[in-house]
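Chains, contacts and geometry: an overview
Here's the letter readout for the chains.
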Amino acid sequence: MFRIVIAVVAVWGLISGPSHGASYARALHEGVARYGVVEGDSLQLLEGGLFPMSEKTQTAIPLSKVNWLPPTDPEKVFAVGKNFASHLSSRADRPPPLFLKLPSALAGHRERVVLPPDARNVHYEGELVMVVGKTAKNVSEAVAMDYIFGVTAGNDLSERSWQSSDLQWIRAKASDGFGPVGPVITTNLNITDLLLTTRLNGTVVQQESTANMIHSPAKVVSFLSRYFTLKPGDLIFMGTPGRTSALQDGDVVEVEIESVGILSNTIQQ
């Protein structure tokens, strides 16, 4: 396999075709965060945001020159634990195990993740991430997916030593840079059966379908909405499959979601 540090070509090969709707991104343009829609080899900037959807402008940025940001600026970032039996299992008849990541933990595609100096056991966790599109409160499972705008790729970086020693997981899961996400949000996908692949320096280290999630996307959205008002742009990390391992200085982690794209980040110790 090839070691892909800048994965633009691979990303855009995956987000074309009739199987999904549009792909949206957030980028830094002339010092300002802007939303855009992917059209061909360019990011066509929008006049405003995604919620509600704004009109396109005449400004387009070649994808090779996009300065990627996390695809939304969320108020809240939720995460589901123990959602694949191949990683850690939870009971399907129980509420989904949940924790929080901080919005300040998010990092964009191709952003270098600088670990805290005493973080010595940081593991990758490739995940599907749902993006909330409408305000949701006390919604049923039957309609829960109507409130999801689309999905993106995420990496729930986790410091295992801190995770086992601290009172809560905030340091282990939400330190600066511990939530790479992006590069695009893709709409109109069947997110209950997408292949999730994580590569470490070009080698596949995780690969499993989201069909094997213990707690379904609809169940998670409905459950969260009982206790929290979900807002447009909020993110929900849906759990990681398989085994993980500690990262080293210079490692490149790629998280690929079928029909969405590839998120790539380099680790700096």
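Anything mentioned here points back to the structure above.
For the structure given in this document, a descriptive report is provided here.

Some details on the nonpolar core
Counting 38 residues, the largest nonpolar core has L43, M130, V221 and I236 as its most contacted members. If we skip the residues at most four places from it in the chain, V221 touches M130, V139, A144, I148, L230 and I236. Core analysis: the next-biggest nonpolar cluster, separate from the first, contains 16 residues, V37, L50, A79 and V131 among them.

Notes on the packing of aromatic side chains
Following the criterion strictly, the structure yields 5 aromatic pairs and no others. Consider the rings of Y24 and F149, whose centres lie 5.5 Å apart with planes at 45°: the pair is tilted. One end of the pair, Y24, is in strand β1 (residues 23-29); the other, F149, is in strand β12 (residues 148-155), and 125 residues separate them in sequence. With relative accessibility at 12%, the residue Y24 sits in the buried group. You can call F149 buried: its relative accessible area is 18%. Ring centres of F78 and F228 lie 5.2 Å apart, and the angle between their planes is 50°; on these two criteria the pair is classed as tilted. Note that F78 is positioned in strand β6 (residues 77-80) and F228 in the loop between α4 (217-227) and β17 (235-237), a separation of 150 residues in sequence.

Observations concerning the side chain of Q44
Within the fold, Q44 resides in strand β3 (residues 42-46). In terms of polar contacts, Q44 uses its side chain to reach the backbone carbonyl oxygen of T57, at 2.9 Å. With sequence-adjacent residues up to four places away left out, Q44 is seen in contact with Y35, G36, V37, E39, K56, T57, Q58, T59 and A60.

Let's talk about the pairing of strand β18 (residues 252-257)
Counting buried positions over the 6 residues of β18 gives 6, a clear majority of the element. A two-sided burial pattern is seen for β18, the buried positions comprising V252, E254 and E256 on one face and V253, V255 and I257 on the other. With 5 bridges joining them, strand β15 (residues 195-200) and β18 adopt antiparallel strand pairing. Opposite T197, over in β18, you have E256 as the bridge partner. The pairing of β18 with strand β19 (residues 261-268) spans 6 bridges and is antiparallel. For V253, the partnering residue across the bridge sits in β19 and is N265. If you look at the hairpin formed by β18 and β19, you'll find 3 residues sitting between the two strands, and S259 has a positive phi there, around 70°.

About the thresholds
Residues numbered from 1 in each chain as written. Predicted model: local features only at pLDDT ≥ 70, side-chain atom pairs only at ≥ 80, totals over all residues. Heavy atoms only, no water. Core = buried A, V, L, I, M, F, W, Y, C linked by side-chain atoms within 4.5 Å. Buried < 20%, exposed > 50% of the residue type's maximum accessible area, 1.4 Å probe, protein only. Contact = heavy atoms within 4.5 Å. Phe/Tyr/Trp six-rings, centres within 6.5 Å; stacked < 30°, edge-to-face > 60°. Helix = DSSP H or I, 4+ residues; strand = E, 2+ residues; numbered from the N terminus. Polar contact = N/O pair within 3.5 Å; in protein donor to acceptor, adjacent residues only side chain to side chain. Pairing = 2+ DSSP bridges.

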